[in-house]
Amino acid sequence: MAAPPSLTGWSHTRFGKSARDDVESLMAEVSTAAIEDAGLEPGDIDAVFVGVFNSGFSKQSFEAALVGSAAPALARVPATRLENACATGSAALFTALDFIESGRGKTALVIGAEKMTAATADQVNDALLGACHRRTESGAGSFAGIFGLLAQQYFERYGDQREALARIAAKNHRNGVQNPYAHLQKDLGFEFCATESVRNPRVAGPLLRTDCSMVSDGAAAVVVAAPDVARGSRRAVTVRGRAHANEPFQLNSRPDPLRFEGASRAFTAALAEAGCSVHDLDLLETHDCFTVAELLQYEAFGLAEPGKGATVIAEGITERTGALPVNVSGGLKAKGHPVGATGVSQHVMAAMQLTGEAGGMQLPSVDRVAVFNMGGAAVANYATVLGSGR
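All figures in this text were calculated on a predicted structure; none of them were measured in a lab.

In this section: the sheet that holds strand β10 (residues 368–375). Across the sheet, which stays open at both edges, the nine strands sit in the order β3-β2-β4-β7-β1-β8-β11-β10-β9 with mixed pairing between neighbours. A single partner strand is all that each edge strand has here, and the edge strands are β3 (79–82) and β9 (283–285). Neighbour-to-neighbour, the strand axes of this sheet turn through a mean angle of 25 degrees, independent of strand direction. Bridge analysis of strand β4 (residues 107–114) against strand β7 (residues 218–225) gives eight bridges, and the strand direction is antiparallel. What sits directly across from A113, in β7, is A219. Contacts between helix α3 (residues 88–101) and the sheet are confined to β1 (6–12), β2 (47–51), β3, β4, β7, β8 (237–246), β10 and β11 (380–388), with β4 contributing the most and set at about 175 degrees to the helix.

A rise of 1.5 Å per residue sets the reference length of α3, with its 14 residues, at 20 Å; its end C-alpha atoms lie 20 Å apart and thus fit the reference within 8%. Where burial is concerned, most of α3 is hidden: eleven out of the 14 residues are buried. A positive backbone phi angle near 85 degrees is found at G103, which sits one or two residues after α3.

Let us now look at the environment of F49. Among the secondary structure elements, F49 is positioned in strand β2. Exposure remark for F49: the relative accessible area of 7% places this residue in the buried category. Once the C-alpha coordinates of F49 and L82 are considered, the two residues, 33 residues apart in sequence, prove to be 7.1 Å apart. Discounting chain neighbours no more than four positions away, the residues touching F49 are T80, L82, A92, T95, A96, F99, A108, L109, V110 and I111.

Quick look at the state of the cysteines now. The tally for this structure, following the rule as stated, stands at zero disulfides. This cysteine, C86, is not joined by any disulfide, and C289 carries the nearest cysteine sulfur, 6.2 Å off. Taking the relative accessible area as the measure of exposure, C86 reaches 5% and is therefore buried. In this structure C212 is not part of a disulfide, and its nearest cysteine sulfur, from C289, lies 9.2 Å away.

It is worth spelling out the pairing of β7 at this point. Every regular strand shows the same layout, with side chains that alternate between the two sheet faces. The element β7 is extensively covered by neighbouring structure, given that eight of its eight residues are classed as buried. The side-chain alternation of β7 yields two buried faces, one formed by G218, A220, V222 and V224 and the other by A219, A221, V223 and A225. Relative to β7, β1 is paired through six bridges, and the arrangement is antiparallel. Its bridge partner being in β7, H12 is matched across the sheet by A220.

Further remarks concern empty space enclosed by the protein. According to the stated counting rule, one finds one cavity of 30 Å³ or more in the structure shown. If you add up the space inside the largest cavity, you get close to 40 Å³. Each residue belonging to the lining of the largest cavity can be placed in one class, and the counts come to eight nonpolar, two polar and one charged.

Moving on: the environment of Q353. Within the element layout of this structure, Q353 appears in helix α14 (residues 339–354). Residues Q353 and V328, spaced 25 residues apart in sequence, show a C-alpha to C-alpha distance of 9.6 Å. Residues within four places of Q353 in sequence aside, it is in contact with L283, V328, A358, M361, Q362, L363 and V366.

Enumeration over the complete set of coordinates arrives at eight aromatic pairs. One aromatic cluster in this structure is built from F143, F147 and F290. The ring centre of W10 lies 3.9 Å from the NZ or CZ of R235, which sits over that ring. Cation over ring: R242 sits above F94, and NZ or CZ is 5.0 Å from the ring centre.

Another aspect to go through is the pattern of salt bridges. Per the stated rule, a full pass over the model turns up 17 salt bridges. Among the ionic pairs, D217 bridges to K115, the shortest N-O distance being 3.1 Å. You can see D217 sitting in the loop between β6 (207–208) and β7 and its partner K115 sitting in the loop between β4 and α4 (121–129), a full 102 residues away along the chain. Judged by relative accessible area, which is 0%, D217 ranks as buried. Here R167 ties to E163 by a salt bridge, and the two come within 3.0 Å at their closest N and O atoms. With R167 and E163 both in helix α7 (residues 162–176), this residue pair falls four residues apart, about one helical turn. Using a relative accessible area of 33% as the deciding quantity, one classes R167 as partly exposed. The structure contains a network of salt bridges with shared partners spanning D37, R234, R235 and E357.

With the exception of glycine, most residues fall at negative phi, and the peptide bonds are largely trans. Even without being a glycine, N54 presents a positive backbone phi close to 60 degrees. Look at S55: it is not a glycine, yet its phi comes out positive at around 55 degrees. As for its placement among the helices and strands, S55 is situated in the loop between β2 and α2 (63–70). S55 gets classed as partly exposed once you look at its relative accessible area, which sits at 32%.

What counts as what
Residue indices begin from 1 for each chain and proceed along its sequence in written order. Local features in this predicted model are restricted to residues of pLDDT 70 or higher, and side-chain atom pairs are both shown and tallied only at a pLDDT of 80 or more, whereas totals for entire chains, interfaces and linings draw on every residue. With hydrogens and water excluded, all non-hydrogen atoms of the structure serve as input to the side-chain values. Whether two strands pair depends on DSSP finding at least two bridges between them. Only DSSP runs of H or I covering at least 4 residues are called helices, and only runs of E covering at least 2 are called strands; the numbering of each starts at the N terminus. Comment: axis = line fitted to C-alpha atoms, over the contacting stretch for helices; angle = value between 0 and 180 degrees taken between N-to-C directions. Residue contacts follow a heavy-atom distance rule, with two residues in contact if any of their heavy atoms lie within 4.5 Å. Multiply 1.5 Å by the residue count of a helix minus one, and that product is the helix's expected span. To sort residues, take the accessible area from a 1.4 Å probe on protein chains only and compare it with the maximum for the residue type: under 20% means buried, over 50% means exposed, and anything in between is partly exposed. Two cysteine sulfur atoms make up a disulfide if the distance between them is within 2.5 Å. For each structure, a 1 Å grid was placed over the protein atoms alone; sets of points admitting a 1.4 Å probe that cannot get out are labelled cavities, open sets with protein on both sides within 12 Å along at least five of seven lines are labelled pockets, and lining residues have an atom within 4 Å of a point. Grid points are joined across faces, edges and corners, and a volume is the space filled by probe spheres set on the points. Amino acids outside the nonpolar list (Ala, Val, Leu, Ile, Met, Phe, Trp, Tyr, Cys, Pro) and the charged list (Asp, Glu, Lys, Arg) are all regarded as polar, and Gly is one of them. For Phe, Tyr and Trp, where Trp contributes only its six-membered ring, two rings pair if their centres lie within 6.5 Å, and the inter-plane angle classes them as stacked under 30 degrees, edge-to-face over 60, or tilted in between. Counting as a charge over the ring demands two things of the Lys NZ or Arg CZ atom: a distance within 6 Å of the ring centre and an angle within 35 degrees of the ring normal. Salt bridge, as used here: a side-chain nitrogen of Lys or Arg that lies within 4 Å of a carboxyl oxygen of Asp or Glu.

In structure tokens:
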């Protein structure tokens with residue numbers, strides 16, 4: 001097998017309510033900055049891959065062409081837009097990796113971006129419903145409603161998990177305090193996350209507001225380089241393993257919607273390609289669009305048996321000082337979830353840890369990091385294992 005590509009440069013906006021007017025301006029902020037960070041010039045880039053979900057957030061489509069509009073030096077570089085619901089950013093990254101590994105090019109720029117806060121609440125709700133199977137699932141009322149139903153089913157089968165969900169939320173918000181890119185840099189505390197209140201109302205099923213990721217604007221970018229290019233870079237993070245697995249779109253067509261089988265297959269395959277186990281990981285950045293999603297992922301990734309995910313968080317395993325820190329960046333919960341940007345952002349957070357550039361988020365020793373990003377209710381599942389060095 002040929003040597004894998006590496007991530008050699010990156011850039012990231014602050015997530016939250018951005019003063020930037022649109023996706024075009026958000027992409028402008030990160031595109032040339034990531035290229036410069038990689039020690040390259042725009043003319044060195046062989047292809048651009050853009051991840052934007054849109055789904056009604058903006059009337060402006062053809063987002064791949066917006067890259068060149070925002071950064072004229074990139075206007076003649078072949079550019080393609082990818083979309084795969086909440087895994088849109090990882091879809092763009094995996095396509096770039098395929099491009100490099102095929103030998104079609106030596107360098108690729110990957111950009112993930114979304115402008116969500118300019119839309120009304122109804123527009124946001126309708127756009128996000130596009131990530132579920134509308135014909136059979138729109139009765140849930142919202143995308144949060146889908147995960148509210150999953151949480152309710154989990155509670156009915158395994159007992160009330162309010163405490164476990166609150167511990168996950170509190171952990172991620174506590175971690176987010178140290179992330180300068182995070183939408184919410186505030187430690188909300190366990191009691192607040194565990195208690196339904198005027199400030200923390202019920203959203204769907206047993207899910208409270210603190211169980212749901214925030215509507216955010218933001219962008220992130222990475223440069224992917226072939227091994228010979230990476231060897232000449234000032235630093236590089238190698239893609240040790242990766243996998244993409246899908247599950248049926250409709251939840252009611254799965255044998256057990258509470259078993260994230262596609263997530264498990266993708267994660268297991270990525271670890272196998274990297275030649276490691278979950279116990280060899282120093283960090284996991286995972287897709288906590290809702291706290292119940294992180295809980296179900298503990299089980300899908302083999303950290304706990306079905307119905308026992310609460311023990312993982314209760315025993316402190318996923319705390320930043322635990323055996324496997326999870327979402328040291330604050331995750332989607334605190335960092336925010338500008339849909340198209342999320343997958344790219346997760347890989348940037350991982351790369352920063354591996355190169356010792358994570359500032360207040362930095363863990364003492366990081367050699368292997370896994371990233372998991374999913375589209376829909378674990379429909380499109382992307383897992384990556386990144387390692388330090390070329």
